Amino acid sequence: MDNIERLYKCYEILSEAGDKISEHVDEYKEILKAVKGSSKEKRLASQFIGNFFKHFPDLAETAIDAQFDLCEDDDNQIRRQAIKDLPKLCQGNPDATTRVADTLAQLLILDDATELQQVNNSLLSIIKMDTKSVVTGIFQQINTGDEPTRERCFKFISTKLLTMGPTVITKEIEEYIVEEIKKALQDVTADEFHLCMTILGATKLGNTITGHAELVKLATEQAELNNTDTDIIAVDDEVVERFVQCATAAAPYFSKTIKSTAFVAHVCDKLLPIPTWNMIATAVSQDQIQLRLLKVFAEMITNTDKLENANERINNVYNVLLEYMPLPKLSEVDLVDVPPSFEFSHAECLLYALHTLGKKHPTNLSFVEDAEKLKDFRARLQYLARGTQGYIKKLEEALKGKSAEELKTEENQLKQTALKTTSNINVLIRDLFHSPPIFKHDIVLSWIVPKANKLGKRHAPITFGEKPEANGKEKDQDVEKKSRPSNDQKFYSPPSGKYSHKVNPNYGNNNRGRQRGGGGGYRNRRYNRY
């Protein structure tokens, strides 16, 4: 009890010292030493350190370290108290604010919900005091922290910081965030790239044509569209995944003004030639990464300019389409009531791509000029139409008479999406079955939702003959639900064994060499960056 009473006495002396407070160094040192004492001493020290911090600049480093020690205490009540009291160190002290923000950014990886909430509260509190210094501290962790810490920092910026309104996120602060995110993009994982693009899209860049062009440029640079090594593209899943990620990030910003031609040409030239197409992701989930590639390709193709080498590029689309439009088997020719099995989601994307490119290049459809190829194409279309119409009939029967509430169930939602997919295919077939093909109908791709959500909502692949619920659910790409959705259609799984070691030997501003505190960190495992 003597120690507790002494702490209160020191507090009383300092509180009543007025202008002469700086003369009472010994009393403040006693408070700092209490961080090594009993639990009650530690809690009192946590409250008292910040109250008098600004009056003892010569002890600033010692005081900050003492408070950080309490943030790492074994007792979670002491940790929460120390985290709550950290903002007291920041009043009128930019250097301390940056260091505190750096430490709080590291603590974003805490698992305890109560502690994590206190970390968020403290960060939000000091942001209102000195936004620039806090943002600087957060980006120190993005630049030097490990993978989980970086991801939590990006998420904090996206979901907390950028929602604080113009009084906090001034033009200067937003420009600083944009500048720092662009720097971070030079060395990011796939997940981090997605988060960075989401953050940039929430800034002024997401609201102007000039900004959209800049976002597309960033995605184009990351996608490495100028890579001429076809063998690497063909066999490296990570390269294909990178392209899909970058194209998905760019897709919302393509328009009549900002063209997608470079991305579309890249798909046609590097990914759709049949030998390459068949090699993409042969190890795992081939149909899933192929479908994701086809979907973003279909989304982008609407805003492409006329293509150079149009004959060859359209022919590559045509050849892959044939892979999803089989010829009827002899035994199935007369089986009207048993439609064949098709991968309808893949077919919708490729039919839409062929239809869109055909509309732009009506004289470059080489298969139309070859009587045998045209006959083969029409036979495949007819067979696909038969399967499509059979599926439409089954879906309409399954949905008939359902109430509005019943239609909201997961199974019925999937059936409605399947109905959109097959209905789109039916419309496209009607145009392409003409001799020569016509291109008068416009469709909205089945997974695209109204423009309120620019990115659209993805759906699971539709394959006739399977129960809809067996198809799996494609992941939501919303960054707040992420860390990237979970199901068979994995958004990104970094390849194992490919990473670089980046270790900061001088971890922490004061070289304390510990996981927390002191402004800095280390990355002991980094995957190949984009």
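Residues numbered from 1 in each chain as written. Predicted model: local features only at pLDDT ≥ 70, side-chain atom pairs only at ≥ 80, totals over all residues. Heavy atoms only, no water.

The name recorded for the protein in an unreviewed UniProt entry is GL14497, from Drosophila persimilis. Among the UniProt annotations of the protein, the heading Sequence similarities (unreviewed entry) holds the following wording: "Belongs to the API5 family." (UniProt positions renumbered as here; feature names shortened; annotations may be inferred.)

J.: Lay out helix 11 (residues 190-201) with the relevant residues and their values.
T.: Here helix 11 contains twelve residues, and its C-alpha end-to-end distance of 17 Å stays within 8% of the 16 Å for a straight helix at 1.5 Å per residue. Along helix 11, ten of the twelve residues are buried, which leaves the element largely enclosed by surrounding structure. For helix 11, every residue scored as buried is listed here: Ala190, Asp191, Glu192, Phe193, His194, Leu195, Cys196, Met197, Ile199 and Leu200. (Helix = DSSP H or I, 4+ residues; strand = E, 2+ residues; numbered from the N terminus. Expected span 1.5 Å × (residues − 1). Buried < 20%, exposed > 50% of the residue type's maximum accessible area, 1.4 Å probe, protein only.)

J.: Which residues make up the packing of helix 1 (residues 2-16) against helix 2 (residues 25-33), and what values go with them?
T.: Packing of helix 1 against helix 2 brings their axes to within 9 Å, and their N-to-C directions diverge by 140°. It follows that helix 1 is oblique to helix 2 by the angle criterion. Of the two elements, helix 1 crosses helix 2, and the hand of that crossing is left-handed. When helix 1 is examined against helix 2, the residues Arg6, Leu7, Cys10, Ile13 and Leu14 are found in contact with a partner set consisting of Glu27, Tyr28, Glu30 and Ile31. Class assignment of the residues belonging to the contact of helix 1 with helix 2 gives a composition of six nonpolar, no polar and three charged. (Axes fitted to C-alpha atoms, helices over the stretch in contact; angles between N-to-C directions. Parallel < 35°, antiparallel > 145°, perpendicular 65-115°, else oblique. Left-handed = near helix turned anticlockwise from the far one by under 90°. Contact = heavy atoms within 4.5 Å. Nonpolar A, V, L, I, M, F, W, Y, C, P; charged D, E, K, R; others polar.)

J.: Tell me about the confidence of the model for the protein, and name the residues and values.
T.: Put simply, the protein has an average pLDDT of 82, and 79% of its residues get 70 or more. Below pLDDT 50 for its whole length, residues 452-530 participates in 231 contacts with residues either more than four positions away or in separate chains. (pLDDT = per-residue confidence, 0-100.)

J.: How would you summarise the packing of aromatic side chains if you had to cite specific residues and measurements?
T.: Enumeration according to the criterion identifies 13 aromatic pairs in this entry. Summarising the aromatic geometry, the rings of Tyr11 and Phe48 are spaced 4.5 Å apart at their centres and angled 25° between planes, so their arrangement reads as stacked. With Tyr11 in helix 1 and Phe48 in helix 3 (residues 39-52), the pair connects residues that are 37 residues apart, well separated along the chain. Under the relative-accessibility criterion, Tyr11 is labelled partly exposed at 30%. Overall, Phe48 belongs to the buried group, its relative accessible area being 6%. On the numbers, 5.6 Å between centres and 65° between planes, the contact of Phe254 with Phe263 is edge-to-face. We classify Phe263 as buried; its relative accessible area is 1%. (Phe/Tyr/Trp six-rings, centres within 6.5 Å; stacked < 30°, edge-to-face > 60°.)

J.: With reference to specific residues and values, describe the pattern of salt bridges.
T.: Evaluation of the coordinates by the stated rule reveals 21 salt bridges. Residue Glu30 pairs with Arg6 through a salt bridge whose shortest N-O separation is 2.8 Å. Taken together, the residues Glu30 in helix 2 and Arg6 in helix 1 connect sequence positions 24 residues apart. Since its relative accessible area comes to 30%, Glu30 is described here as partly exposed. The closest approach of N and O atoms between Lys183 and Glu179, which form a salt bridge, is 3.6 Å. Residue Lys183 and its partner Glu179 are located together in helix 10 (residues 171-184), separated by four residues, close to a single helical turn. Taken together, the shared-partner salt bridges connect Glu61, Asp65 and Arg99 into one network. (Salt bridge = Lys/Arg side-chain N within 4 Å of Asp/Glu carboxyl O.)

J.: Explain unusual backbone geometry residue by residue, including any values.
T.: In this structure, the amide linkage connecting Ser435 to the following residue, Pro436, adopts the cis form with an omega of -5°. Take Pro436: it is sitting in the loop between helix 22 (410-432) and strand 1 (499-502). For Glu224, which is not a glycine, the phi torsion comes out positive at approximately 55°. In this fold, Glu224 is placed in the loop between helix 12 (209-223) and helix 13 (230-235).

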